[in-house]
Amino acid sequence: MMFIRRTKRLSKFINTASTSNGRYYSDSSRVTTIKEKIKQGPSLKDFITDSSEPVLTDRPFIPYLLENAKTKTKRKVFFDVYGCQMNLNDTDIVWSILKKEGFEKTSVEEDADIFLVMTCAIREGAETKIWHRLDHLRGFKRRAKDRSVKIGILGCMAERLKEKLIEKEKAVDVVAGPDSYRDLPRLLALTENGQPAVNVLLSLDETYADVVPVRLNEDSVSAFISIMRGCDNMCTYCIVPFTRGRERSRPVASIVDEARQLADQGVREVTLLGQNVNSYRDVSQSTEKIDTHMAKGFKTVYKTKKGGMRFADLLDKVSAVDPEMRIRFTAAHPKDFPEEVLQIISERPNICKLLHLPAQSGSSAVLERMRRGYTREAYLQLVEDVKRTIPGVGLSTDMICGFCGETEEEFQETLSLMELVDYNIAFLFPYSMREKTTAYRRYKDDVPDHIKKERHNRMLELYRRKCQILNDAEIGNTHLVLVEGTAKKSGNILGRNELYMRVVFEQTEVLTEDGGKRQVKPGDYVAVKIVGARSATLKGVPLYHTSLSEFYRDYQWGVRRAVN
Ligand code: 5AD
Ligand code: SF4
């Protein structure tokens, strides 16, 4: 009872204060007023005078969070992750924050006190899946009558729907947007007295740079590093700039530190993550370099940013951390691949030669409506330049069919682009209209669902057919495979080649450098001869254990897939 009363007093006080740490969209006068309010307002002592519980003093002072509220929330959390890799990494950040506050993690639903659902809002389909999951959780909460179970919605859907989630979905207790994860311990503490808690403020500079993510899957040989957040591109179909806010980059030094720590833990592959990684820019670092221009035929909707360390500099530093650690990155925008970036990718053996060039459409007219900032011709020119600068490069793309006003002829241009460019990986989507976007305001979602579906199927069919041809051409070549684990059913070894293609081979004793033999284990690099191909998997025979540097020394740089 005492606890509830104190918390109410406290929450009343912080409902203004907690939203104003100066990071958020708030004018400076408001921040000053709030700072003054904090100064004049009650101190932590005011809230704990009648408490018999000790106040922990070895932690940084968090004005809005009662220590006894925190101890009360030492509870088991079950994580549910939907959506992109960024969401996986955000979950690691959330887990790191909660773990520090004494929460525990569980993978058994029945043991959970708190369900945290990391959500995605990019397409309607993604949200539908999450609504189904919420139905299930609502039932679970109802059945767990004898104990209190809380449900928190995190991420993009939380940002999109905000308080509506609580109104519509009565079972939801916490709603936290992508920039509010530091606030989660407080939000969860507030729910202890049955009060729902929401923080969906977007930030101009939150990058969680100082939060070392704790990986949910600690055994994995690969890891993600978030290097930037948000997006300024405002493609007309996309909700991301509204759910994840403005683009901001994390300082170079903290990224390099994290890469070093991961390398020390034995991680063999890191993926640099962001909505648009190649527009990375650490403005806190000045460089002598002159800003490189975008490739011809590309433009942005925002004023071009100037100065600071750029993506090429970051790649240079991160790839130097450990020559045996592979570096990948995603997602990228075709407009931000200046010569410098292509050059460093081509020079460093440990930067994977797979470039994500999301075309979205093959029709210049559709690209214009999508506000992508390039034409089909400029895109094809970029593909040429990329192939010339990085011999043997692999390409991946995202494509949307059925965007507003897309005619059959325009769709044919997408198919013809997919015929022209040999994509190793493609993510293909039927268009899904999202509220708030420019397309929602400006265009009509006038391609009927059955046509979208039919076009989607045609894209998939073409993609699979082309992948099969590309993969068949690899038979007889030797690939460097990073071993990830073992298939549950067959016991076969699973790994990935440089182009992120899955490679499968039988577990057997494999030659080592000193002439001996040993079985392969996760984290090993193995030279594998490709003997079979499907559209999504390659089958191989392991030849010998190797290292990244050794493999590329033997096979000459630039000829990644040696023909035997
Ligand atoms: N409908 C369909 N696909 C979309 N994408 C983004 N927004 C939408 C939408 N409204 C796709 C784009 C983007 C990928 C992450 O998701 O292809 O690159
Ligand atoms: Fe969305 Fe375009 Fe930004 Fe990608 S670049 S996140 S598609 S707005």
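Reading the values: the criteria
Residues numbered from 1 in each chain as written. Chains lettered and ligands numbered in written order. Predicted model: local features only at pLDDT ≥ 70, side-chain atom pairs only at ≥ 80, totals over all residues. Heavy atoms only, no water. Near = heavy atom within 4 Å. Polar contact = N/O pair within 3.5 Å; in protein donor to acceptor, adjacent residues only side chain to side chain. Areas by Shrake-Rupley, 256 points an atom, 1.4 Å probe, with all protein chains shown as cover. Helix = DSSP H or I, 4+ residues; strand = E, 2+ residues; numbered from the N terminus. Nonpolar A, V, L, I, M, F, W, Y, C, P; charged D, E, K, R; others polar. Pairing = 2+ DSSP bridges. Contact = heavy atoms within 4.5 Å. Axes fitted to C-alpha atoms, helices over the stretch in contact; angles between N-to-C directions. Left-handed = near helix turned anticlockwise from the far one by under 90°. Buried < 20%, exposed > 50% of the residue type's maximum accessible area, 1.4 Å probe, protein only. Right-handed = clockwise from strand over helix to strand, strands pointing away. Core = buried A, V, L, I, M, F, W, Y, C linked by side-chain atoms within 4.5 Å. pLDDT = per-residue confidence, 0-100. Phe/Tyr/Trp six-rings, centres within 6.5 Å; stacked < 30°, edge-to-face > 60°. Lys NZ or Arg CZ within 6 Å of the ring centre and 35° of its normal. Salt bridge = Lys/Arg side-chain N within 4 Å of Asp/Glu carboxyl O.

**With respect to the site of ligand 1**
Here comes step 1: The environment of ligand 1 is formed by Ile-122, Arg-123, Tyr-237, Gln-360, Asp-398, Ile-400, Phe-429, Pro-430, Tyr-431, Ser-432 and Arg-434.
Here comes step 2: One of the side-chain nitrogen or oxygen atoms of Gln-360 is found 2.6 Å away from an oxygen atom of ligand 1.
Here comes step 3: Taken by itself ligand 1 offers 410 Å² of open surface, and the protein chains cover 86% of this.
Here comes step 4: Broken down by secondary-structure element, the contributors of at least two residues to the shell around ligand 1 are β15 (394-401) and β16 (423-430).
Here comes step 5: Looking at the shell around ligand 1 residue by residue, the classes come out as six nonpolar, two polar and three charged.

**Focus on the sheet that holds strand β6 (residues 197-199)**
Here comes step 1: Taken together, the six strands give an open sheet; going across it, the order is β2-β1-β3-β4-β5-β6, and neighbouring strands pair in parallel fashion. Looking at strand neighbours, the two that pair on one side only are β2 (104-105) and β6, the edges of this open sheet.
Here comes step 2: Pairing analysis gives two bridges linking strand β1 (residues 76-81) to β2, with the strands arranged parallel. Note that in β2 the partner of Lys-76 across the bridge is Glu-104.
Here comes step 3: Across the sheet, helix α5 (residues 85-100) is in contact with β1, β2, β3 (114-119) and β4 (150-155); its angle to β1 comes to roughly 170°.
Here comes step 4: Running over the sheet, helix α6 (residues 124-143) touches β1, β3 and β4 and is turned about 175° from β3.

**Brief notes about the packing of helix α13 (residues 339-347) against helix α15 (residues 376-389)**
Each packed pair of helices is defined by two parameters, the angle between the axes and the distance between the axes.
Here comes step 1: Across the interface, α13 lies against α15 with an axial gap of 9 Å and an inter-helix angle of 35°. When the axes of α13 and α15 are compared, the crossing they make is right-handed. Counted together, Glu-339, Leu-342, Gln-343 and Ser-346 of α13 and Asp-385, Val-386 and Thr-389 of α15 form the full contact between these two elements.
Here comes step 2: Its residues assigned to classes, the contact of α13 with α15 comprises two nonpolar, three polar and two charged.

**Concerning the pairing of β3**
Here comes step 1: Of all six residues making up β3, six are buried, and the element is well covered by its neighbours.
Here comes step 2: Of the two faces of β3, both are covered, the one formed by Ile-114, Leu-116 and Met-118 as well as the one formed by Phe-115, Val-117 and Thr-119.
Here comes step 3: Relative to β3, β1 is paired through five bridges, and the arrangement is parallel. Directly across from Asp-80, in β3, lies its bridge partner Val-117.
Here comes step 4: Relative to β4, β3 is paired through six bridges, and the arrangement is parallel. Residue pairing across strands places Ile-114 opposite Lys-150, the latter belonging to β4.
Here comes step 5: A crossover connection joins β3 to the parallel β4 through α6; in handedness this β-α-β unit is right-handed.

**Remarks on the nonpolar core**
Here comes step 1: In this structure, Ile-227, Leu-272, Phe-311, Leu-315, Phe-329 and Leu-355 are the most contacted members of the largest nonpolar core, which totals 62 residues.
Here comes step 2: Counting residues per element, this core draws most heavily on helix α11 (residues 252-264), at six residues.
Here comes step 3: Among all residues touching Leu-272, those that are not within four sequence positions of it are Ile-225, Ile-227, Val-277, Phe-311, Leu-314, Leu-315, Val-318, Ile-327, Arg-328, Phe-329 and Thr-330.

**Structural notes on the site of ligand 2**
Here comes step 1: In the neighbourhood of ligand 2, the contacting residues comprise Cys-231, Asn-233, Met-234, Cys-235, Tyr-237, Cys-238, Val-240, Pro-241, Gln-275, His-333 and Arg-372.
Here comes step 2: Here the shell around ligand 2 is built from residues that sort into seven nonpolar, three polar and one charged.

**Section: the confidence of the model for the protein**
Here comes step 1: Of all residues in the protein, 83% have pLDDT values of 70 or greater, and the mean over the chain is 85.
Here comes step 2: Counting interchain partners and residues more than four positions distant, the pLDDT-below-50 stretch residues 1-35 has 60 contacts.

**As for the packing of aromatic side chains**
Here comes step 1: Going through the model one piece at a time under the given rule, you end up with 11 aromatic pairs.
Here comes step 2: Between Phe-298 and Tyr-374, the ring centres sit 5.4 Å apart and the planes meet at 40°, which makes this aromatic pair tilted. One end of the pair, Phe-298, is in the loop between β11 (281-282) and β12 (309-310); the other, Tyr-374, is in the loop between α14 (364-370) and α15, and 76 residues separate them in sequence.
Here comes step 3: Arranged with centres 5.1 Å apart and planes meeting at 80°, the rings of Phe-311 and Phe-329 form a pair that is edge-to-face. Pair noted here: Phe-311 is in helix α12 (residues 311-319) and Phe-329 is in strand β13 (residues 326-330), with a separation of 18 residues, a long-range link. One exposure class covers both Phe-311 and Phe-329, and it is buried.
Here comes step 4: Ring pairing ties together the aromatic residues Tyr-237, Phe-403, Tyr-431 and Tyr-443, which thus form one cluster.
Here comes step 5: The ring of Phe-429 has Arg-123 sitting right over it, with the charged end atom 3.6 Å from the ring centre.
Here comes step 6: Lying across the ring of Tyr-500, Arg-496 places its NZ or CZ 4.0 Å from the centre.

**Overview of the pattern of salt bridges**
Here comes step 1: Using the criterion set out here, one finds 36 salt bridges in the structure.
Here comes step 2: A salt bridge links Asp-80 to Arg-133; the nearest nitrogen and oxygen atoms lie 2.5 Å apart. Taken as a pair, Asp-80 in strand β1 and Arg-133 in helix α6 lie far apart in primary sequence, 53 residues in all. Like Arg-133, Asp-80 is buried.

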